[in-house]
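The chain contents come next:
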Amino acid sequence: MKMKKIKIQSLLAAAIMLGSAPVMLTSCDDTLDMPSYTADDIDFVFSDEKKAEIFVKGCYRGLVHEEQYRQYNTGDGVTYAAEDQYGTIGSKWNISNFIYNPTLGPYTLSTTYSESYRIIEACNVGIENISALPETKKTKALLGELYTLRAFCYHNLIRFYGDVPAKWEPDLNKDITDPAVIRPSRTSRDVIYDHIIKDIQDHYDDIPWLSESDYGFPERITKQGALAILARICLHAGGYSLRWDLETYSPASLRMARRDDANRVREIYDIADKALNEIIMHNENDLVKAGGGMTGFQNLFYNYCQRNFGAVSQEFIFHIAGLGTTTNSTFGVFNGQPGCSGGYYGQRRPLQAKFPTYYLSFDPADTRRDVACTHYSVTFLKENDPDGVWVNVGTGYSSILGGKFRVQWATAPAESNKRNIDIPVLRYADVLLMYAETQNFLNNGPTGAGIAALQQVRDRAGVGHLPVPQGFDEFQKAVMQERMWELSDEFTLRSDLIRMDLLDWQVNKTKQELVELSDHTGKYADVPRLRLYPVTPDECSYGTKFLTLPYIEITDANEYATLIAAEPFYTPAEGETLTGPQKNRKDAEARKNHLAKLREILGNHGIANSETDQQWYVMNMFQPWNSAYNKGSRQAAGFSSDGANSLGVGKSYFTMATGREENTIDPGQYPIWIQGESATYCGYERNKVELFPFANISVGHPLIDNPNLKQHPGYN
């Protein structure tokens, strides 16, 4: 029985961690030194519904692991990994570009597997023991919560790995020496999906709506949360996925397909449609509108970052708590854009960036672009400046950063590596877009109700004028594109593309568009190459509503030629040799001439710019951020040498060009992230990379711990 006691100890230590201190059965800094629990402890934890509720709260811990917002937040045509070293082992770059390898830890996901099964086991224990309590409104609600949490975990496992082992009862009740218990094999994903769909269907009515609960905010699963999770699961269960023959594991059997039973697929979409419609018709949720001098989209995410959840709970249906020092996740650190080089906010480089093609895909009227994307980062004007002047410095196209969860909008954290930002899971905008999708599927084309749902999202963004496609496939793509504009950095887009069988389309589209952008051809032929940015001090205050930098795009050919010719640095003539001081003087003269030409052009745009006015600088958007031209122009505007060369994002990207013509590292060649052996999505292979392989490198990884698990046949 000793092994059984250790399992109980580990389970309770994890599950109660979010609960109040008085219910801890023991206290110790190192849980490995904690004494083994016995069945009596289980009896104590589930002796009444109050203590049982604390156990249920503990099951939320680790529900969304770091891998899901660092690795799986990329590969979607929107976000890519911007690591310090491009293409190196150990970086998130590999996952971002579909390069998986089960024998190398960084090349696949692994912790999500173990964390999901830890929570599944906790849910199984909770379901069994709470079911034995007297049936009350509270115990029924707690059971509904646990069934939904368990379903959410299985959903993540399936979308990452496909068919996975299914466990519906606690291992505590089983003989753990039985190989079938400790070494289960894969279960058909369709069997698991049918099970968890029925679980939620049978129990969501027992969970209170947010307005009927005492939760305050949707940091726990409410009825609308359970319905929305049910719909999300259904769209994956009825959608496309990478499948193979579970008997033969033949690589030739790999294919992207829906389940074979078309009638069941339709039933599943109908379940999703009804769940979404119930949320909509209940009329408790809505999109956050404009207010406080902000557009609706900024108002939503600003207040979310400020933890003003009362202002956004109408839209945020489920988010996972992240506050203080114990329950604060790394989400806010890695996704706390736009990056900063130090100072008041500390040095934080998110190591994720937005494709310039995504940034440029927004309609000019779309108010989401400058919330979802930032074309600035926080850096110092002059290093070691006693006045501590920090600025929001403009970036080029290779360093467009995220912005929904930016550090400037956050609350002051207790520690610099904590950001107090909850992990977002589901919003009402997602509900509306899923509903547009289910209506399209069930009616073989868009309906009035589906179009109205799509229009609500577009209208809030200011793009209600966009045309609505009428065909099934065209409308499906329009919904997916709307999801990309609306739901970036909410770690759902990659698997959305897969379940719609649009990943191949999006990958090849992104690769081609990046080449066209680099060549200044196609729809990118007229994208302005130069921007003028003003030197803009950062407020250095948490809670500022700062949204974006103003800029002037140079579209006049003569102005462009003038600025390009007025290089802010001196290029020695062939054979000319200059001493350091001589070169410095020549550079200073070049910067003075550059600034004079810049001021003339600013005057053409109605901006007076003398030495006493706010200074401006030129950014060649297609050159590296720290190219000689860009760096020199910032220095002409008052940046120190170091300040002109420091950006809060991974070095690999801001030191690379976007344009082939502007490639100062390898003139005339495509930048290595645009085309070549290590270009964006260089590891992509259809009918293989839609799912991850299991890791098999060491004890603690699925294939080592469980030889009965068979590897994804694409990696045999």
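Residues numbered from 1 in each chain as written. Predicted model: local features only at pLDDT ≥ 70, side-chain atom pairs only at ≥ 80, totals over all residues. Heavy atoms only, no water.

A. Geometry of the environment of Q68. Residue placement: Q68 occurs in helix α4 (residues 66–70). What makes Q68 buried here is its relative accessible area of 2%. Setting aside chain neighbours within four positions, we find Q68 in contact with L63, N73, T112, N156, R159, F160 and F491. (Helix = DSSP H or I, 4+ residues; strand = E, 2+ residues; numbered from the N terminus. Buried < 20%, exposed > 50% of the residue type's maximum accessible area, 1.4 Å probe, protein only. Contact = heavy atoms within 4.5 Å.)

B. Highlighting the pairing of strand β4 (residues 316–320). A large share of β4 lies buried, amounting to five of its five residues. Alignment of β4 against strand β12 (residues 423–427), held across four bridges, turns out to be antiparallel. Bridged to F316 within β12 is R427. (Pairing = 2+ DSSP bridges.)

C. Representation of the pattern of salt bridges within the structure. Under the counting rule described, the total for this entry stands at 49 salt bridges. For E145, the salt bridge identified is with R220, shortest N-O distance 2.8 Å. Residue E145 is found in helix α7 (residues 137–161), and its partner R220 is found in the loop between α9 (189–203) and α10 (223–238); the two are separated by 75 residues along the sequence. Per residue, the accessibility class of E145 equals that of R220, and both read buried. Where D501 meets R686, a salt bridge forms, and the shortest distance between an N and an O atom there is 3.1 Å. Of the two residues, D501 is situated in the loop between α19 (493–499) and α20 (503–519) and R686 in the loop between α24 (651–654) and α25 (702–705); the sequence distance between them amounts to 185 residues. For D501, a relative accessible area of 23% puts it in the partly exposed group. Ionic contacts of the salt-bridge type, sharing partners, join the residues E315, D366, R368, K404, R427, R458, R460, E482, E486 and E490 into one network. (Salt bridge = Lys/Arg side-chain N within 4 Å of Asp/Glu carboxyl O.)

D. How the structure looks around the pairing of strand β10 (residues 390–394). With five of five residues buried, β10 lies mostly within the body of the structure. Covered by surrounding structure in β10 are W390, N392 and G394 together with V391 and V393, the residues of both alternating faces.

E. Seen up close, the packing of aromatic side chains. In this structure the tally under the stated criterion is 43 aromatic pairs. Their ring planes at 70 degrees and their centres at 5.1 Å tell us that F297 and F301 sit as a pair that is edge-to-face. With F297 and F301 both in helix α12 (residues 296–305), this residue pair falls four residues apart, about one helical turn. As far as burial versus exposure is concerned, F297 and F301 are alike and both buried. For the ring pair Y617 and F639, a centre distance of 5.7 Å and an interplane angle of 85 degrees mean the geometry is edge-to-face. Within this pair, whereas Y617 is found in strand β15 (residues 616–620), its partner F639 is found in the loop between α23 (628–636) and α24, the two being separated by 22 residues in sequence. By relative accessible area, which is 4% here, F639 ends up buried. Following the ring pairs from residue to residue traces out a cluster consisting of Y72, Y80, F98, Y100, F160, F355, W673, Y681, Y684 and F692. (Phe/Tyr/Trp six-rings, centres within 6.5 Å; stacked < 30°, edge-to-face > 60°.)

F. Examining the state of the cysteines more closely. Taken as a whole and assessed by the stated rule, the structure comprises zero disulfides. Just so you know, C153 is unpaired, no disulfide at all, and the nearest cysteine sulfur is the one on C123, 5.9 Å from it. The thiol of C305 is not disulfide-bonded; the next cysteine sulfur, from C340, is found 14 Å away. A relative accessible area of 0% means that C305 is categorised as buried. (Disulfide = S-S within 2.5 Å.)

G. Representation of the sheet that holds strand β14 (residues 552–554). In spatial order, the strands read β14-β13-β15; together these three strands make up an open sheet with antiparallel pairing. Single-partner strands in this sheet number two, and they are β14 and β15. Neighbouring strand axes in the sheet, compared pairwise and without regard to direction, differ in orientation by 30 degrees on average. As paired elements, strand β13 (residues 530–534) and β15 share five bridges and run antiparallel to each other. Bridge pairing links L532 to V618 in β15. Its contacts with the sheet put helix α22 (residues 580–604) on β13, β14 and β15, and the angle it makes with β15 is roughly 95 degrees. (Axes fitted to C-alpha atoms, helices over the stretch in contact; angles between N-to-C directions.)

H. The nonpolar core, seen in detail. Grouped together as the largest cluster of nonpolar side chains are 189 residues, with contacts concentrated most on L63, I130, Y161, F318, Y358 and W673. With 13 residues, the single largest contributor to this core is α7. Residue contacts for I130: discarding those within four places in its chain leaves F46, A52, V56, T139, L142, L143 and L146. One finds L530, I552, L598 and V618 within the second-largest nonpolar core, a separate group that totals 12 residues. (Core = buried A, V, L, I, M, F, W, Y, C linked by side-chain atoms within 4.5 Å.)

I. Structural detail: the side chain of N303. Take N303: it is sitting in helix α12. Here N303 falls in the buried class, since its relative accessible area comes to 12%. In terms of polar contacts, N303 uses its side chain to reach the side chain of N299, at 2.7 Å. Dropping the residues within four chain positions of it, N303 is found in contact with M294, N308, A311 and V312. (Polar contact = N/O pair within 3.5 Å; in protein donor to acceptor, adjacent residues only side chain to side chain.)

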